[in-house]
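Breakdown of the fold
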Amino acid sequence: MNKSQDAAAAAASKQDTTEQPPRSDAQPVQEQMSALIEKIETARIAYYEQDAPVLADAEYDALEKELRALEEAHPELARPDSPTRTVGGAPTEAFAPVTHPSRMFSLDNAFSIGEVEAWATRAEGAEFLCELKIDGLAVNLIYRHGKLETAATRGDGAVGEDVTANVATIASIPQEIPTDLPLIEVRGEVFYPVAAFEKLNEQQKEKGLKPFANPRNTAAGSLRQKDPAVTAQRELALYVHGIGNHEGLDVRNQSDIYTLLAEWGLPTSPHSRVFTELADVTEFIAHYGRERHSVEHEIDGIVIKVNELARQAQLGATSRAPRWAIAYKYPPEEVTTKLLDIRVDVGRTGRITPYAVMEPVTVAGSTVERATLHNQFEVQRKGILIGDTVLLRKAGDVIPEVLGAVEAMRDGSEKAFVMPENCPSCGSRLGPTKEGEKDWRCPNTRHCPAQLRERIFYLASRKAFDIEALGWEAAGALSESDVLADEGDLFALREEDLLKIPYFCNRSGKRAGQLGKNAQQLLANLEAAKTSPLWRVLVALSIRHVGPIAARALASRFGSLDRLRAASRDDLAETDGVGGIIADAVVDFFADEYRMSVVERWRAAGVSLEDEQDEAGGSELLAGLSIVVTGTLEDFTRDSAKEAILARGGKAAGSVSKKTAFVVVGENAGSKADKARDLGLRILDEDGFKLLLSEGPDAFAQEDEGDA
């Protein structure tokens, strides 16, 4: 029996037994529904009224989906005040209530393309308007005869909160629009732009204050400040995305409304598109699933609307959501989970890093049970206690981050984290190695097993020597063996050395006891790495603060490790992109007897410690140019394209701006290509990119003169 048949049977059963007591199996289902409603209502109050969520969006969606399924299976038990039939949260007493001229709805959600396709069958033959689902706060702007009269939050859909004075601080919202319509309601979403949010949290960090958890909560809290002056200090933004009551307005399509709103000076999203084919809708969903972090604001899905207003009217709405629109939700990037413990890792430079051990949870498509906490001061600043329910974020390929604790979930059993006094790997006494330094370190640089393994693994990474056969397990096998005293012996390894390490030997068959393929590949990789450019050597040496960018700058200026060693601290600091902190670290490195022994053993093993003159001379071909690569190139990976730009002194930028010199566009390029066209930037295909790499920007100068 399918759900509709089951529901019909349940309804018939109710009619037949209206004078009889409830069925014996109704009570457990009713209890389940009541428990779900209580959890959902508690979460709604925390989210909409207190701006302090106790559940991640995905967990809230899961509860609502479970309740909806029970109500569909048992309609006779469904309550009229169920969260599946109501909108948002009640207005708070902090703001005056505003009754919306027309009801503000929520949206039904789809969690698969199949659900989107099922919804689309209701509007067969219709055009679809697709737009990004902004993770913000819904508002309603009421204009009378072109003047902004009221701005209100959505509230429960019928009554919201008067936030007119606060919305007036958002520069992009006009107080007047060029129309004499008696009344028009403009719906939109207030949000905190990602760049502005990151800037805000940097300011919080500098002040030693607790960081804000996410842009959505920060936008909501900022908009609902009692003092508009506080709101004015926050860089809020708003995009409008529809209208409600509109006396005297004659439009046919949703997209026409957007055009009109933009003409009136209201901010509209540049990302909406109209499609006639459902396949294009699903591609739009897939595209922004890949590019969701390149957008100026956070999104958690795609909103799909029937474009024709007449069809919208035909389809109508339920008590809480229009039938002519649906929200496709991407897999969650924020979830809550239990913080079981806080432990520490030892890094390649001896830095002690606390990390969270959590109940395993699925986020952004992967299972996560560990996340870095950076340092003990960050743990204190975020107010995290062992035993807390914490909010965890993992955006795409970004390392998981604990955003903060859900303090409302505490029961008193939680306890504070205390940094260990001794290194968990070698037992050395821990603490800052320099006065005023926040990070704690293990001082046993040469002999700490954890540091050695991390350094070997790091020097083999793509940003250093790029030794494919030297992964985490291989690094562990080498660091735990007797064949290496430290990384200084790495390039002197021979076959007979590796035969002493079981990891590198065949363990069965006729070749048992002989070197495995991994050992042969490692020896070949090591031999090839000896001719690496100087900047890779500098990165591989694990000099504090010296990453690929600083290493390139130093290698480009000094050309050899010996000249770099002979340079004064001031000479080092004057190098573009280096500065005093890195200069001090380089000086400290060369003053360390052990670190210099590593350098000399690498030199003796044949590792090149200087660049050829012609290579150094050609490294400024793209100096000062910001270049963005987007899409898939045939002859370059993302890393190799970046490498080619950096090797010529250019900046491989991740985002497009007016300062971008060239945008290289490959197959399946996303919004970066669109933005480049909008800004009128120089766009190159792959052949043009190769020409730029070989001849520099002068290759396009004549073409530019011709265009002029």
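How each quantity is defined
Residues numbered from 1 in each chain as written. Predicted model: local features only at pLDDT ≥ 70, side-chain atom pairs only at ≥ 80, totals over all residues. Heavy atoms only, no water. Helix = DSSP H or I, 4+ residues; strand = E, 2+ residues; numbered from the N terminus. Buried < 20%, exposed > 50% of the residue type's maximum accessible area, 1.4 Å probe, protein only. Contact = heavy atoms within 4.5 Å. Lys, Arg positive; Asp, Glu negative; His and termini not counted. Charge placed at Lys NZ, Arg CZ, Asp CG, Glu CD. Pairing = 2+ DSSP bridges. Expected span 1.5 Å × (residues − 1). Axes fitted to C-alpha atoms, helices over the stretch in contact; angles between N-to-C directions. Polar contact = N/O pair within 3.5 Å; in protein donor to acceptor, adjacent residues only side chain to side chain. Phe/Tyr/Trp six-rings, centres within 6.5 Å; stacked < 30°, edge-to-face > 60°. Core = buried A, V, L, I, M, F, W, Y, C linked by side-chain atoms within 4.5 Å. Parallel < 35°, antiparallel > 145°, perpendicular 65-115°, else oblique. Left-handed = near helix turned anticlockwise from the far one by under 90°.

Quick word on the overall build of the chain
Helix and strand content of the chain: 27 helices and 20 strands. Taken over the C-alpha atoms alone, the chain extends approximately 90 × 75 × 55 Å along its principal axes. Within the chain, the fraction of its 708 residues that count as buried is 49%. For the chain, the proportion of contacts with a sequence separation of at least 24, taken over those separated by at least 6, is 67%. Both charge centroids of the chain, one from 81 positive and one from 113 negative side chains, sit 4 Å from each other.

Observations regarding the pairing of strand S7 (residues 183–191)
Counting buried positions along S7 yields 9 of 9 residues, so the element is predominantly enclosed. Taking every second residue as pointing to the same face, both faces of S7 are buried, with Leu183, Glu185, Arg187, Glu189 and Phe191 on one and Ile184, Val186, Gly188 and Val190 on the other. Taken together, the 7 bridges between strand S4 (residues 137–144) and S7 define a ladder with antiparallel strand orientation. For Val139, the partnering residue across the bridge sits in S7 and is Gly188. Of the strand pairs in this sheet, S7 and strand S8 (residues 237–247) are connected by 8 bridges, and their pairing is antiparallel. Looking at S8, one finds that Phe191 is bridged to Ala237.

Considering helix H6 (residues 194–206)
In a regular helix each residue adds 1.5 Å, so 13 residues correspond to 18 Å; H6 covers 18 Å between its end C-alpha atoms and thus fits that length. Downstream of H6 by a residue or two, Gly208 has a phi angle that is positive, lying close to 75°.

A closer look at helix H13 (residues 449–459)
An α-helical turn contains 3.6 residues, so any two residues separated by three or four positions project in the same direction. By the burial criterion, the buried members of H13 are Gln451, Leu452, Arg453, Arg455, Ile456, Tyr458 and Leu459. Tucked inside the fold, the buried residues of H13 contact strand S12 (334–346), helix H14 (472–479), helix H17 (534–540) and helix H22 (593–604).

Here we look at the sheet that holds strand S9 (residues 273–275)
Spatially, 5 strands are ordered S2-S11-S10-S3-S9 in an open sheet, and the strand pairing comes out mixed. Looking at the sheet topology across the chains shown, the edges are occupied by strand S2 (109–110) and S9. For strand S10 (residues 299–306) and strand S11 (residues 325–329), the ladder comprises 5 bridges, and the chain directions are antiparallel. Note that in S11 the partner of Ile302 across the bridge is Tyr328. Each of strand S3 (128–134), S9, S10 and S11 touches helix H10 (residues 278–291); the most contacted strand, S3, lies at about 20° to it.

Some points on the side chain of Gln254
As for its position among the elements, Gln254 is in helix H9 (residues 254–263). Within the structure, Gln254 has its side chain in polar contact with the side chain of Gln312 (distance 3.0 Å). Discounting residues that sit within four places of it in the chain, Gln254 has contacts with Leu129, His241, Gly242, Lys305, Asn307, Leu309, Gln312 and Trp324.

What to know about the packing of aromatic side chains
Each aromatic ring pair is summarised here by two numbers: the centre-to-centre distance and the angle between the ring planes. Under the criterion given, the structure shown has 14 aromatic pairs. Taken together, a centroid distance of 5.6 Å and an interplanar angle of 80° make the contact between Tyr328 and Tyr330 edge-to-face. By relative accessible area, Tyr328 is classed as buried at 11%. Taking relative accessible area as the criterion, Tyr330 reaches 8% and is therefore assigned buried. Seen in terms of ring centroids, Phe662 and Phe700 are 5.5 Å apart; in terms of plane orientation they differ by 50°. Their pairing is tilted. Of the two residues, Phe662 sits in strand S19 (residues 662–665) while Phe700 sits in the loop between helix H26 (686–695) and helix H27 (701–707), which places them 38 residues apart along the sequence.

A short note on the nonpolar core
Nonpolar side chains in soluble globular proteins tend to end up buried together. Membership of the largest hydrophobic core comes to 61 residues, with the highest contact counts inside it found for Phe465, Leu470, Leu478, Leu498 and Trp602. Those elements that place two or more of their residues in this core are H13, H14, helix H16 (517–529), H17, helix H18 (548–558), helix H19 (561–566), helix H21 (579–590) and H22. One finds Leu223, Leu236, Val240 and Leu261 within the second-largest nonpolar core, a separate group that totals 37 residues.

Describing unusual backbone geometry
At His374, a position not held by glycine, the phi torsion is positive, near 70°. Phi at Ser542 is positive, roughly 55°, even though this residue is not glycine. If you trace the backbone, Ser542 turns up in the loop between H17 and H18. A residue is classified by how much of its surface remains accessible, and Ser542, at 3% relative accessible area, is buried.

Section: the packing of H13 against H14
Between H13 and H14, the least distance of the axes is 9 Å, while the angle of their chain directions is 135°. Relative to H14, the element H13 lies oblique. Crossing geometry of H13 relative to H14 is assigned as right-handed. Contacts from Leu452, Arg453, Glu454, Ile456 and Phe457 in H13 reach Trp472, Glu473, Ala475, Gly476, Leu478 and Ser479 in H14.

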